[in-house]
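The lines below spell out each chain.
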Amino acid sequence: MVREHNLSLVVLGLELLFSVILVASYHLQCGDGRRLSLSIKDFISDANNTADHSQAFQDAWKAICEANGKDQATSLVIHAYEKYFIQPQTFRGPCVSRNLHIQIDGKLEAPKMVKEWKKINKGNRCWLCFDNVTGLVLNGSGVLHPHGEAWWSSVEHSNRPRTVGFNGSSNIIYNGLTQMNSPKNHISIWNCTNATLSNLQLIAPKDSPNTDGIDIALSNNIKIFNSNIQTGDDCVAINGGSYDIDITHVACGPGHGISVGSLGKGGLNETVENVKVRHCSFNGTQNGARIKTWAGGNGYAKNILYENITLINVNFPIIIDQHYCNGGRNCTEEATAVKVSNVTFKNFQGTCGNKIAIKLDCDKAVGCHDIKMENINITSSSTNKTLTAYCQFADVVSQIVSVKIKCTSDEEPLAPASAPYAKPLPPTQPPSLSPLPYSINFFKAFL
């Protein structure tokens, strides 16, 4: 176990080094590293120094987007003492430069009342949208506050905006910022390639509706690490058309866990594959490691790994749900289902706040195949409570699992199986519950 602990530290160190190298390489591509930088104040005159600075941000974006990077600045800075109020913005590419940089050390706020928001672009529906941009570093120690609390009880979920959206973009680095109280999900990654998100703080109350941390769809080569996500929904949701997703050292809670899906809603054919979730913690979450697919859907979710997971009072630590239908309401049997296969749950340690620690609710028509469980040690948060497993139509191979798993088929009566706790495994090293405080300083050294 000492070797595993040392290996975990090495992995974390490599991730930090990787993040530093990404930012450093961005600057090295620009010559000797001495860059021309613009301040947002360069675009605010006495004549337009109003409460709404939206136009100044559009002018600043145009300046760095159209700059050639030789004798024109491609970097924009919002300093720590600055605060700006802006309406929904779309920052469009493609840009002349492939080495854009926006550093936010101050605070950006949206209007506090829904009625004060101007019309949102229906195609993007976000407060700060980056559309068709290649080679953007967006970082800093600042705060983005869209005042989503004004939206939660007054506007239907489908009509609420996201806070930050990356659409049709590539080679994105997003690091260090804090986002608070998103109207909908905090970050949306849609149709993107090569994006690295790290050292982020995404914060919303436990009861805030549909405030996912990071939603990914139709995207590949996405890395998320060393971040703290506290929301009212999924900390990370990996949706259809996504592959090669790597999530490491993320502290989730409160929230609904780190989920693959939901997939297949309305009979859609959706696929997700090659997902790794490692060295993550779940604290007081509804779910931990979750795969959810709608009845009647098509496609597949495969090659998925959840490894080295710390659990603290999680309701459903491990769950595969092939009958997901809006939280279990109005469910009907369907002839098809999204196939789930080659899923590994390895090295889980911690406590469960519910009776069912492992739930594999698979579809009779297709089932769940090649499900592996290894070194799973889950105990109850309550004293003298025996945990159970619920499993139907799943092909499971388990080794050193603290809860007995017995799967039923259509010939057998369906009942949860339970067993005494297995001998406790040595504790795994939990990830940090917040981004490492010194990591931002590494980035500042290069800026």
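For the structure, check the block above.
Report on the accompanying structure. (Residues numbered from 1 in each chain as written. Predicted model: local features only at pLDDT ≥ 70, side-chain atom pairs only at ≥ 80, totals over all residues. Heavy atoms only, no water.)

### A look at helix α2 (residues 54-65)
Right, on to step 1. Here α2 contains twelve residues, and its C-alpha end-to-end distance of 16 Å stays within 8% of the 16 Å for a straight helix at 1.5 Å per residue.
Right, on to step 2. Listed as buried for α2 are Ser-54, Ala-56, Phe-57, Ala-60, Trp-61, Ile-64 and Cys-65. Axial view of α2: buried residues confined to an arc of 160°, hence all on one face. (Helix = DSSP H or I, 4+ residues; strand = E, 2+ residues; numbered from the N terminus. Expected span 1.5 Å × (residues − 1). Buried < 20%, exposed > 50% of the residue type's maximum accessible area, 1.4 Å probe, protein only. Arc of directions from axis to C-beta.)

### Observations concerning the state of the cysteines
Covalent bonding between the sulfur atoms of two cysteines is what defines a disulfide.
Right, on to step 1. Taken as a whole and assessed by the stated rule, the structure comprises five disulfides.
Right, on to step 2. Across the disulfide from Cys-235 sits Cys-252; the S-S distance is 2.1 Å. Taking the sign of the S-S torsion, 80° for the link of Cys-235 and Cys-252, the bridge is right-handed. Here Cys-235 is found in the loop between β17 (220-230) and β18 (236-238), whereas its partner Cys-252 is found in strand β19 (residues 242-252), with 17 residues between them in sequence. Each member of the pair, Cys-235 as well as Cys-252, carries the same accessibility label: buried. (Disulfide = S-S within 2.5 Å.)

### Notes on the packing of aromatic side chains
Right, on to step 1. A full pass over the atoms with the stated rule returns ten aromatic pairs.
Right, on to step 2. Both rings, one in Phe-57 and one in Tyr-84, keep their centres 5.8 Å apart while their planes meet at 75°; by these two values the pair is edge-to-face. Of this pair, Phe-57 sits in helix α2 while Tyr-84 sits in strand β3 (residues 83-85); the two residues are 27 residues apart in sequence, bridging distant segments of the chain.
Right, on to step 3. Of the residues examined, Phe-57 reaches a relative accessible area of 5% and is grouped as buried. (Phe/Tyr/Trp six-rings, centres within 6.5 Å; stacked < 30°, edge-to-face > 60°.)

### Some points on unusual backbone geometry
Right, on to step 1. Cis geometry is found at the peptide bond from Gly-93 to Pro-94, where omega equals 0°.
Right, on to step 2. Here Pro-94 lies in the loop between β4 (89-92) and β5 (100-104).
Right, on to step 3. With an omega of 0°, the peptide bond between Gly-253 and Pro-254 qualifies as cis.
Right, on to step 4. Of note, Pro-254 is situated in the loop between β19 and β20 (258-263).
Right, on to step 5. Positive phi is not limited to glycine here, since His-147 has a value of about 55°.
Right, on to step 6. Residue His-147 is classed as buried on the basis of its relative accessible area of 7%.
Right, on to step 7. For Asn-375, which is not glycine, the phi dihedral falls at a positive 55°.
Right, on to step 8. You can see Asn-375 is positioned in strand β27 (residues 368-380).

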